[in-house]
Amino acid sequence: MENGKINLSLLVAEIGSTTTVVNGFDFSESGKPKFVAQGQSFTTVEEGDVNLGLEQAIEDLKKNYQIEELTWDRMVATSSAAGGLKMTVHGLVYDMTVKAAKEAALGAGANIKFITSGKLRRTDLKKIQEIEPNIILLAGGTDYGERDTAVENAEKLASLDLKAPVIYAGNVENDDEVKEIFDQAGIEVYIVENVYPQIDKLNIEPTRAIIQDVFERHIIHAPGMERIDELVTGSIMPTPGAVLQASQVLYEDIGDLMTIDVGGATTDVHSVADSSDEVARVLISPEPKAKRSVEGDLGLYVSMDKVVNFIGEEKIAKKMGVSLEDLEEIIKNHQAIPSTEEDIRFSEVLAEYATVQAVKRHAGSYRELYSGSGKKTIAEGKDLTGVKYIIGTGGALTRLPNRVKIMEKIAQSNNGLELLPNNEAKILVDNEYIMATLGVMSKEYPEEALALLKQSLGI
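Keep in mind that what you see is a predicted model, and the values were worked out from it rather than measured. Numbering of residues starts from 1 in every chain and runs along the sequence as written. With the structure being a predicted model, the display of local features is reserved for residues of pLDDT at least 70 and the display and counting of side-chain atom pairs for 80 or more, all residues being used for whole-chain, interface and lining totals. Excluding hydrogens and water, the side-chain values take into account all heavy atoms of the structure.

1. Concerning the packing of helix α9 (residues 304–311) against helix α12 (residues 341–362)
And then number 1: Interhelical geometry of α9 versus α12 gives an angle of 80° and a closest axis separation of 10 Å. On the basis of their axis angle, the class for α9 and α12 is roughly perpendicular. Contact with α9, carried on its side by M304, V307, V308, F310 and I311, involves F346, V349, L350, Y353 and R361 of α12 and no other residues of that element.
And then number 2: We call Asp, Glu, Lys and Arg charged. Ala, Val, Leu, Ile, Met, Phe, Trp, Tyr, Cys and Pro are nonpolar, and the rest, Gly among them, are polar. Considering only residue class, the contact of α9 with α12 consists of nine nonpolar, no polar and one charged. Angular values range over 0 to 180 degrees, each being the angle between N-to-C directions of two axes fitted as lines to C-alpha atoms, with helices fitted over their stretch in contact. By the criteria applied, helices consist of DSSP H or I runs no shorter than four residues and strands consist of E runs no shorter than two, each listed in order from the N terminus. If an angle is under 35 degrees, it is roughly parallel; if it is over 145, roughly antiparallel; if it lies from 65 to 115, roughly perpendicular; otherwise it is oblique. Residue contacts are counted whenever heavy atoms from the two residues lie within 4.5 Å of one another.

2. So, the side chain of D268
And then number 1: Here D268 lies in strand β14 (residues 267–272).
And then number 2: Those residues in contact with D268 that lie beyond four places of it in its chain are P240, T259, I260, D261, R292, S293 and V294.

3. Looking at the environment of I187
And then number 1: Checked against the element boundaries, I187 lands in the loop between α5 (175–184) and β11 (189–191).
And then number 2: Partly exposed describes any residue whose relative accessible area lies between the buried limit of under 20% and the exposed limit of over 50%, with all areas from a 1.4 Å probe on protein chains only and scaled to the type maximum. A relative accessible area of 8% means that I187 is categorised as buried.
And then number 3: For the pair I187 and D161, spaced 26 residues apart in the sequence, the C-alpha separation amounts to 8.1 Å.
And then number 4: In this structure, I187 is in contact with L157, A158, L162, A164, V166 and F182, ignoring residues within four places of it in sequence.

4. A closer look at the layout of surface pockets
In this approach, a probe sized like a water molecule rolls over the atoms, and the result shows the empty space that is left.
And then number 1: Grid spacing is 1 Å over the protein atoms alone, the probe is 1.4 Å, and a cavity is where that probe fits but cannot get out, while a pocket is an open set with protein on both sides within 12 Å along at least five of seven lines and lining residues have an atom within 4 Å of a point. Grid points are joined across faces, edges and corners, and a volume is the space filled by probe spheres set on the points. Put simply, the second largest pocket is a space of about 440 Å³.
And then number 2: Taken together, 19 residues form the lining of the second largest pocket, with E132, P133, N134, K163 and H221 sitting closest to its centre.
And then number 3: Broken down by secondary-structure element, the contributors of at least two residues to the lining of the second largest pocket are β7 (85–91) and α6 (205–218).
And then number 4: Of the residues assigned to the lining of the second largest pocket, the class counts are 12 nonpolar, four polar and three charged.

Structure representation (structure tokens):
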């Protein structure tokens, strides 16, 4: 920095629902990427322009590092503001095409508001109109299988006069028909490979990629986001999708892993892992290599009451070594960012429960079936037994004192039938809390993002 002036190689903005954070990076020094500076401000969606909050975050960065004049070569962003990526998903059979479409949408970072299987009803159409999704994902039928349901659903969706673009990822025989239906209605439509082309075969990556592309093109139409392209010159990704993207980049370097983000409202689990040969032999339905799940009832602030009810106040008080009366006071004064010793310990109890339960919901399990030929063991769901690394990101699992012990509880909680990581899985922490930032960075700067991610994880 010379005379209070600095030029950064890259600025990455994380535009959240309440807070906007800007991270600055320099790639020029000895060819090694460097995390230089950070600033934050409140997100200004309600003011009608997120650029206001973004500019304030940049000013905060300058103030924190005594920078008088700041320039940068490029800016990219992740966003969960304006409701994030709101989607509805519609397929044929829930356990087949609907599940495949859902996995694609979640992996892209979507906030799925509504899922249907079979032919859409009037009440379904009404609900879709009320949701006003950013994107509609339509699937249905294996390739050269059932055709009518997806075509009928396309006609019904086309009649709604919605502004949302439609992605069709169903039976290939319907591609031209579906395109014509939406073209005639003046609705933007994207035709992509079938998410479920054959029985027991998933093909979700093409749909996941197009969802993120469509999000990037249309995010500027969301309320308060209309001028975002004035500052952001590169990629814009949904924040949860950016975390999975970072996990996938890291997987290519270190192998099977899972990433956990315990937040105030939800707990997200991302895994990038193959099934072991042992599990694959008895697995009854396919699972994606890269999978995201989100649990809306497992959060430490917005969803706190639900987690407290799940655990039970008596059990929480016993774990904390306090009376029920003291616990009621702790709950009453609980903060999104805990500062007192009691509130930190309370947050750790909630975080442990949220972490373990979210992973159990994400993971599969063994099950025994009985028939005339005897007992048979099958497996269903995601196999995490080969996971080598468990990564904690987000506020709770990067800042709470006992974050490592919390994640160690995952393996310790196995009842013997669950396909969970074992005790040999290594615990890693995203110490800089920049995993989402590095996910969007990796779209354009994969080598730099990987180096910074490994540095944050201490590997």
